[in-house]
Each structure stands twice: as C-alpha cells, then as structure tokens.
Amino acid sequence: MSDRTLAELKPGERATVSGYANHGPLAQRMMQLGVLPGEHIENLRCAPGGDPLEFKVMGYALSLRKSEAALVRIDAAG
Amino acid sequence: MNDTGLQPSLPKRGADAPQRVISSRHPLVALIGNPNTGKSTLFNALTGLRQKIANYPGVTVEWHQGTAIIDERPVRILDLPGTYTLTANSPDEAVAVDALLGRITDLGRPDAVVVVVDGSNLKRNLFLVTQLLEIELPVVVALNMSDRLGAAGIELDPEALSDALGAPVVPIAAARNQGLDPLKSAIGSAVDADPPTPPPIIPEIRDSARSLVKELDWREPGAVFLVTRAIVDVGGDAERRLLDRFGQPAQAGLARARQALESTEPPAAVEARQRYQWIGEQISHCQNVRPMPPTWSERLDRVIGHPLAGTLLFVGVMAMVFQAVFAWAGPLMDWIDGLSGMAASAVTGALPEGAIASLIADGVIAGVGSVVIFLPQILILFLFIILLEDSGYMARAAFMMDRLMRWCGLSGQSFIPMLSSFACAVPGIMGTRVIPNHRDRIATILAAPFMTCSARLPVYALLIAAFIPRTQVLGVLNLQGLVLLGLYLLGIAGGITTAMLLKRTALRGPTPTFVMEMPPYRLPNMRSVLLRLWERARLFLVRAGTVIFAVAVVIWSLTYFPRSDDLAAQFEAEQAQLAAGGDAQEAERRELENRYSAAHLEQSWLGRFGKTVEPLFAPLGWDWRVSAAVIASFPAREVVIAALGTIYAVGADTSEDDPGLITRLRNSRHDDGSRVFTLPMALGLMVFYAFCLQCAATVATIWRETNSWRWPLFAWSYMTTLGYLGAMLCFQVGSG
C-alpha cells in the first residue's frame, strides 16, 4: 500500500482509492458516499487558495477539504 | 385524472360526496431521496398548492406535507429532508428515519415510500434505496431525469432494475410533468401492497438483528430495521434509542452481533462495501453506459470553477444581485411607504380626531406598513437565493468561499447568508437553512444582523450629514465617506468577532465537514421557484409579521397615552388665537401642531420613560429626547428619524436630509446649556446603531428560525450591550 493520500492528488490526476487512515465517522460517511477502496477518483479542481478540493467519484462531483481528503489513501494509477 | 395534479379533481358522485376533508385516515406516502434529485420538484408536481409546512418539535427541521389525488382519493404526501443514507447522523436524517418508522406522533406510519432517484447517478442513489428496502414498507422507485439519460450516454432498463430491486421502478421527468400518471398509479397500488423482500445485503447483521428482536420480544413494525441500524452505526441514534428502551440485554446483544462479524473494519464500513458491491452487480445487468464527451455542466464548471475566471464571475454575480436588490427594491419600498402614508392621512381625514383614528393611522397602518416594507427586499433577495440554490451555483459559491469563511470559524455555506444581510438580515437569516451544521447555522444567524443593512443607512445619513464635516482627507477622500466606510467595517468586524467568539465558546464543537456533493448545473424549475418564494413570503408575513405588528402597536400606545387635557385645552386656545388673528399662515399652523406634538410626547409614557432612564444613558451623552427616540425605534432602526422629528417638533414626516431637523439637533442643549449632539456623542450614536439589534423583524426571524426564544433574547441583549458600550467608549474618550 502506498503512503499517498487523496490530498496530494493534483487537479487533473486520477488514482484508485486503496483505504483509509482510520475508520472514524468521517471515513464511514465518505464510504457511504462512494469513496470506497477500489473506486477510481479524479481531482477535478481546487478552490482559490488550494482548499477545498473537488473530486469525481462514482460518476458525480464531491468536494472535500484537504484535511478530509488526507484520510483517504490512494494508489497512484487511476 | 389530470396530469399536473395542480387542480383538485371534482367529486363525481354529486350530493353524496361532500367536500373532501383530509384526515389521518387517508393513506400517507413518504417522499424521500438524495439531495439534488428533483425531489421537491416532484413533490410540487404531485401536490401543487395543496401543501403546508410543519416543524418537527424540538429541532429546526421542517417538512412539507401535501395532498395528491390518486385514483380519485386523496393521498397525503410527506416530503422528507434530502438524505444520502438512513444512518441518522444529522437532524435531517433522524427526522427522515423517525417519519418512516411512524415515530412522529401526529402522522402515523407511512403506508408506502416513494424514493426519488437520479437516473444519471444511479449507483450512489441506490445506496439509500437498498436501505429503504429493509424498513418493511412498500417502496416505489421514481427514476427521475429519465429524459436526460440518452444525452448522458446511459441506457437503462427500468424493468430489469425493478426485478433486481423487487420494487416497481417508474421513469419520470418531474420538471416536465412526464411520467406522473404511471407514478401515481404505482403509488396507488403500493399503499395496499406488501413490503418487498430485502436484498441479500449484510445477511449476518440482519440475522443477528432478527434474533435480537425476538429475544427482546419487540413487536413493532420496523424493529428489525432499527436494530440493524443500531448494530451498524456504532454510537449512533438507533443505538442510543435501543439502549434507552431495553438497557443491558440490548447492549449485550449489540456487542454479540458486532463480534459475530469478525471484521477488522467497523460495521458501517462492512455495510458500505457490501451495499455497493451488490448495487454494482445489479447495475451491470440493467445499465449500459457509453463514454460521452463532457456534459455542458462539466464544461461550465471548467469556467466557473477556474480560480481566476470563477472568482471574477462570482464577484460579478454578487454585484448583480446587490444592484438588483437596491435598484428594484428601493422604488417598491418608497411606493409602499407612500401608500401607507396616504392610507394614514385618509383615515385621519375621515375619522374624528381621537384615540381610534390615531390607533388606526399611527398604530395599525404604520405597523402593517413596517411589516410589508420588508417584502420587496425579501422577495428579490430570496428569488436570487433560490435561483442560486436550484441552479447548483450555491454549492460552488460555498466551495469558493470555504477557506475565507473558515478563517472566521464558519464554513463556505455561511457566505451567501452573510452577504445577503448587507441588504437585509431577514432573508439572510432565512437563508441559513442551507447550512447543514447546527452550530454553524446559529453562529451565522447571530453574526448576520451585524452587517450594515439598508435600514441603517438613513440613520447614518442623518447623523453624518449633521455632525461630520465635509472635509477632504489626503486630498481625495471625503471624511463623511470615510465615516460611512468605517461603520460598514465596524459591522463586519462585529459579525466576524461574534462568530469567532461563539464558535470558541457556546457553540464549540468538532469542525463540521465539507463532504458535499457538487450537483450538476440545472435550469431551475419556475414552478418550484415561485412556490418556494411564495412560501417564504407567507412565513415571513404570518410568523414574523404578527410580532412586528404587535411591537409597533405597543410603541404607538406608549407615545399616545396618557392624553393630557390641559395640553389639549392649551393647544385649542392657541389654535383659536391663531385663527382669530385672521390671515394665519399655513407654516404657523404647522409649527403650532408640531410644538404640541412634541409637548404631548414629552408627557407620554415614552417621554416619561425616556426621562426615567436618562441617567442610564447619561454616560453616552444622551438626554431624555435621544433616549426616548432610541427606545421608540426598537421595532425598526429607521423609525428613530421620525421619532426625533416628533420630539424636536419638526413633525414626524421628516427625512434624514431635512435641514430643519439637522439644525434642531445641532442646537439641542442639556439643562446646563451644553450641546447634546457633540461629535463624540454623535459618533457614539452611530456606533450604537451599528451594533444594536433595533429590528423587530430580525428578532422575530431569529425566533422563528431557531425555534426558541433563547437565541433572539441573547442576540438582542448582546448586541444592545455592545452598542451601549461602544457608544459610551466613543463619548467618554472623545469628551476626554
């Protein structure tokens, strides 16, 4: 498992979700919304100032703050 | 049957079919779905104007209930808050679950559930659907936006989906009134149907739930569902309720069930994986997605979401909204003001002079006027807020502003309500409903009234024109303009500080998340927009309006009573004298009337009260006249100008640029001969109006939106104290 997190994904880059740093309520919420291990995820853009970030996952757009995205572990190849 | 459902169908059996009374015996159908699926549009299409709003007791979650006519019989439709799951981890979701389980006492358990699903985002939408299939209620899936699937490259077989789910699937396009008849017949059949067989997801958990229900001997519909949720959502709402009711045996049962899972992951993670796995398998049989070029919404987002272009566009949109509010609302407000003035004079002319005429003219009509005068701003601002929300732009605005707002301890969703408050705090506070986190919402509601609203402007204009010299500063800047700018900044600073303080004290809690869907851009549905606009206006008039009106009448009675016979006799004598003198000038008569009004006010309850509290306001440099005028302006800040007009005997119909009033203010003196309106005192008065909450409409709206008297009372006391201290500081330091 790589140590990269979703917060490090640059706009335009894709990756595959590989897991979570912990299993707290926030991670559970994100899983319910489709940010699941094995799903492809793409960084669509970031807000002015670099935070929050907007991702495409499961066919829809989801915004996460950097701190929230940092919970999600990713594998490099989308 | 009519297709739109907007007209109630007529009873066909004539005399033996009396007017329908919607009662609790009529079938109840709950409407649920993810946010942004067009659920409200469908609700409006089904029920039209036959709807009402109710508040869930204790929390600020509202629901809408309406009536649809299905197969000639009325069916009650309950529009539940949009939710992604039945986890019940927010007040909205908890209300949805309560309603589905029949725990909202005056509603009863629904007979069926209609779940609205966005066909172009099927996978995530089906998460909620699979949970609903477990609540032991008949389910109808309304596959919305089915008209757009082709353009999105999606081929979907509704029958195959229906077979997979074990529930009817009806393709509809709610915004175009398509598919409503088939949906209605599906609902009509569902209310008498049996619940579906739940899909084989999380079988171990559901088995444990079933045996625990048996063990606890809990015979209520939905018990298995509730216990399932209690096992899955560790520390959640369902668990708490189960433990409250059954105590130790339930606790032991939950522990056993969780242990039986033998998973390193928490049960909720197991649930999410299994659900999406099952959904993925089913979808592969009934949906075919062709790769398509980016949709227009995605292309639009490349511009709107661009850091530079998007920011410029955002500033442009906000500037346009404000321009529209001031350009359109101003004339309408003047018109309403003029109309209520005309009505008042008509009453004074038609009725004999006395308490009744004064009550109607200065109490009732002025009271109604002070309510209605807010409507243009509220309607225009709310029209924009609703359009921004329904088009999907609101989520982008929150996205762009999140970083800035987080600096004040809030989040991006607070930005638009705060900005709206620069026109008027009332629609700003009503607009805080978009803020999902309760603490953030309250902090925004309490910070919003600090923003310099349009009602403060006339007060500032009067005091600046009268007491700030028109000198140039640094060659280009005007001192009067600088003071106005300073007052705006003072308001912003007050609001930000308040939000920061609250978020660090009374409203402290974990930082709310920004896990938020960015919905695709959509053209707002005009019927939905207008219905919601109408609903906001009605809520304001009925709920806030009654409070404002009552306060206006109370203030009127304070200025009118007691009547002094001596004063009246004196006035009549002087009037007779003036008339006897022959060619009395109109100006002289007016002067006499104004003088009499001033004398009357001085001995009225308000005047006496002003004199009683004069020592309280002495540290601010105010005399009884200023104190009385400030108290009279409790219902609305701008009233202070009319009150000063009456007190200083230039007449109540004065304006902020009346040279007569300005001169009288400048010449007003304390008993010892010193001037009342010195520069420090006038600056202090402006600071007072920058901070104080002299606005019954705002107080009433805070009450209505927080569903408690605690917050409006706190806001009023806090802001008034702040205004008092600010004014005292100005006066004391300035007078050195």
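The structure displayed is predicted, hence computed values, not measured ones. (Residues numbered from 1 in each chain as written. Chains lettered and ligands numbered in written order. Predicted model: local features only at pLDDT ≥ 70, side-chain atom pairs only at ≥ 80, totals over all residues.)

## A word on the overall build of chain B
Defined as follows: For helices the rule is a DSSP run of H or I covering at least 4 residues; for strands it is a run of E covering at least 2, with both sets numbered from the N terminus onward. Put simply, a residue is buried when 20 or more other C-beta atoms lie within 10 Å of its own C-beta and exposed when 12 or fewer do; between those, it is partly exposed, and each C-beta is set from the backbone. C-beta atoms are first placed from the backbone for all residues, and any pair lying within 7 Å is then listed as a contact.
Counting its regular elements, chain B contains 31 helices and 12 strands. In terms of overall dimensions, chain B has a C-alpha envelope of 100 × 70 × 55 Å along the principal axes. Relative to its full complement of 736 residues, chain B shows a buried share of 46%. Long-range pairs, those at least 24 residues apart, make up 71% of the contacts in chain B between residues at least 6 apart in sequence.

## Observations concerning the overall build of chain A
Which entries qualify depends on this criterion: Radius of gyration means the value over C-alpha atoms here, while the globule rule gives 2.2 Å times the residue count to the 0.38 power.
Of the regular secondary structure elements, chain A holds 2 helices and 5 strands. Overall, chain A shows an N-to-C arrangement of helices and strands of β-α-β-β-β-α-β. Its C-alpha radius of gyration of 11 Å places chain A within 12% of the 12 Å reference for a compact globule of 78 residues. A principal-axis box enclosing the C-alpha atoms of chain A has dimensions of 30 × 25 × 25 Å.

## Digging into unusual backbone geometry
The residue after Asp51(A), namely Pro52(A), is reached through a cis peptide bond having omega -5°. A cis amide bond links Phe561(B) with the next residue in sequence, Pro562(B), at an omega value of -10°. If you check the backbone angles, Asp71(B) has positive phi at about 50° while not being a glycine. Within the element layout of this structure, Asp71(B) appears in the loop between β3 (62–70) and β4 (73–79). Judged by the 12 C-beta atoms lying within 10 Å of it, Asp71(B) falls in the exposed class. For Asn177(B), which is not a glycine, the phi torsion comes out positive at approximately 60°. Within the fold, Asn177(B) resides in the loop between β8 (169–171) and α5 (180–190). With 17 C-beta atoms packed within 10 Å, Asn177(B) lands in the partly exposed category.

## Regarding the interface of chain A and chain B
Note the threshold: Ten residues, namely Ala, Val, Leu, Ile, Met, Phe, Trp, Tyr, Cys and Pro, are considered nonpolar, four, namely Asp, Glu, Lys and Arg, are considered charged, and the remaining ones, Gly among them, are considered polar.
Opposite the 27 residues of chain A that make contact, chain B presents 28 residues. The biggest single contributor to the side of chain A that touches chain B is helix α1 (residues 25–32) of chain A, with 7 residues. Split by residue class, the side of chain A that touches chain B holds 14 nonpolar, 7 polar and 6 charged.

## Quick word on the confidence of the model for chain B
Residues and elements named next belong to chain B. Operational definition: What pLDDT reports is the predictor's confidence in each residue, on a scale of 0 through 100.
The predicted model of chain B averages 85 in pLDDT, with 94% of residues at 70 or higher. The least confident element of chain B is strand β2 (residues 51–55), whose mean pLDDT is 67; the most confident is β8, at 97. Scoring the predicted complex yields pTM 0.81 and, for the interface, ipTM 0.95.

## A few points about the sheet that holds strand β3 (residues 53–57) of chain A
To be explicit about the condition: Strands qualify as paired when DSSP identifies two bridges or more between them. Structural elements are reduced to axes, namely lines fitted to C-alpha atoms, with helices fitted over the stretch in contact, and the angle between N-to-C directions of any two is expressed from 0 to 180 degrees.
Taken together, the 6 strands give an open sheet; going across it, the order is β5(A)-β1(A)-β2(A)-β3(A)-β4(A)-β12(B), and neighbouring strands pair in antiparallel fashion. Of all strands in the sheet, those with a lone pairing partner are β5 (72–75) of chain A together with β12 (516–518) of chain B, marking the two edges. Put simply, the sheet's adjacent strands are angled 45° from each other on average, direction ignored. Strand direction decides the pairing type here: β3(A) and strand β4 (residues 60–64) of chain A, joined by 5 bridges, are antiparallel. Considered in β4(A), the bridge of Val57(A) is made with Tyr60(A). Packing against the sheet, helix α15 (residues 393–407) of chain B makes contact with β3 and β4 of chain A together with β12 of chain B, and its axis sits at approximately 120° to β12(B).

## Concerning the pairing of strand β6 (residues 139–144) of chain B
All names here are of chain B. Burial within β6 is extensive, with 6 of its 6 residues counted as buried. Here β6 shows a buried face lined by Val-139, Val-141 and Leu-143 and a second buried face lined by Val-140, Ala-142 and Asn-144. Note that strand β5 (residues 112–118) and β6 share 6 bridges and pair parallel. Within β6, the residue paired with Val-117 across the bridge is Leu-143.

## Digging into the nonpolar core
Formally: To form a nonpolar core, buried Ala, Val, Leu, Ile, Met, Phe, Trp, Tyr and Cys residues must be joined through C-beta atoms within 7 Å.
The biggest cluster of nonpolar side chains holds 232 residues, and the ones touching the most others in it are Val29(B), Leu31(B), Val115(B), Val140(B), Val141(B), Ala142(B) and Ile187(B). Among residues more than four places away in sequence, those in contact with Leu31(B) are Lys39(B), Leu42(B), Phe43(B), Ile77(B), Leu78(B), Asp79(B), Leu80(B), Val114(B) and Val116(B).

## Quick word on the environment of Leu300(B)
All names here are of chain B. Tracing the chain through its elements places Leu-300 in helix α11 (residues 296–304). Taking the C-beta count within 10 Å as the criterion, Leu-300 has 16 such neighbours and is therefore assigned partly exposed. In this structure, the C-alpha to C-alpha distance between Leu-300 and Ala-250, residues 50 residues apart in sequence, is 52 Å.

## Here's the deal with helix α29 (residues 679–691) of chain B
All names here are of chain B. Put simply, the test is: One less than the number of residues in a helix, times 1.5 Å, gives the span that helix is expected to have.
Over its 13 residues, α29 extends 19 Å from the first C-alpha to the last, a length consistent with the 18 Å expected when each residue adds 1.5 Å. Counting buried residues in α29 gives 12 out of 13 residues, a clear majority hidden from the surface. Within α29, the full set of buried residues consists of Pro-680, Met-681, Ala-682, Leu-683, Gly-684, Leu-685, Met-686, Val-687, Phe-688, Tyr-689, Ala-690 and Phe-691. The inward-facing, buried residues of α29 abut α19 (456–467), α20 (479–504) and α31 (710–735).

## What to know about the pairing of strand β1 (residues 28–33) of chain B
Residues and elements named next belong to chain B. Within β1, 6 of the 6 residues are buried, leaving the element largely enclosed by the surrounding structure. Covered by surrounding structure in β1 are Leu-28, Ala-30 and Ile-32 together with Val-29, Leu-31 and Gly-33, the residues of both alternating faces. Pairing of β1 with β4, which is carried by 4 bridges, proceeds in the parallel orientation. Paired with Ala-30 across the two strands is Leu-78, which belongs to β4.

## Focus: the packing of helix α14 (residues 375–391) of chain B against helix α21 (residues 526–560) of chain B
Residue and element names in this part refer to chain B. Put simply, the rule is: Note on terminology: angles under 35 degrees are roughly parallel, angles over 145 are roughly antiparallel, angles of 65 to 115 are roughly perpendicular, and the others are oblique. The handedness criterion is simple: a crossing whose near helix is rotated anticlockwise from the far helix by less than a right angle is left-handed, and one whose near helix is rotated clockwise is right-handed.
Running from N to C, α14 and α21 cross one another at 140°; their axes reach a closest spacing of 10 Å. The angle between α14 and α21 falls in the class oblique. Judged by the sense of rotation from one axis to the other, the crossing of α14 with α21 is right-handed. Along the contact surface, α14 presents Leu-375, Ile-378, Leu-379, Phe-382, Leu-383, Ile-386, Leu-387 and Asp-390, while α21 presents Ser-528, Val-529, Arg-532, Leu-533, Arg-536, Ala-537 and Phe-540.

## Notes on the packing of helix α24 (residues 605–612) of chain B against helix α26 (residues 624–632) of chain B
For any two helices packed against each other, one specifies the inter-axial angle together with the distance between the axes. All names here are of chain B. The contact between α24 and α26 brings their axes to 8 Å, and the two run at 120°. Classified by the interaxial angle, the pair formed by α24 and α26 is oblique. Handedness of the α24/α26 crossing: right-handed. Of α26, the residues touching α24 (which contributes Leu-606, Gly-607, Phe-609, Gly-610 and Lys-611) are Trp-624, Arg-625, Ser-627, Ala-628, Ile-631 and Ala-632. Taken together, the residues of the contact of α24 with α26 sort by class into 6 nonpolar, 3 polar and 2 charged.

## Thoughts on the environment of Ile304(B)
Residue and element names in this part refer to chain B. Mapped onto the elements of the fold, Ile-304 is located in helix α11. Sequence spacing of Ile-304 and Phe-314 is 10 residues, and the spatial spacing of their C-alpha atoms is 8.1 Å. Here Ile-304 is in contact with Gly-310, Leu-313 and Arg-396, once residues within four sequence places are set aside.

## Some points on the environment of Gly495(B)
All names here are of chain B. When you line up the elements, Gly-495 lands in helix α20. What makes Gly-495 buried here is the crowd of 22 C-beta atoms within 10 Å. Each C-alpha atom of the pair Gly-495 and Thr-444 lies 8.6 Å from the other, and the pair is 51 residues apart in sequence. When residues no more than four places from it in sequence are discounted, the contact partners of Gly-495 are Met-418, Ala-447, Ala-448, Phe-450 and Met-451.

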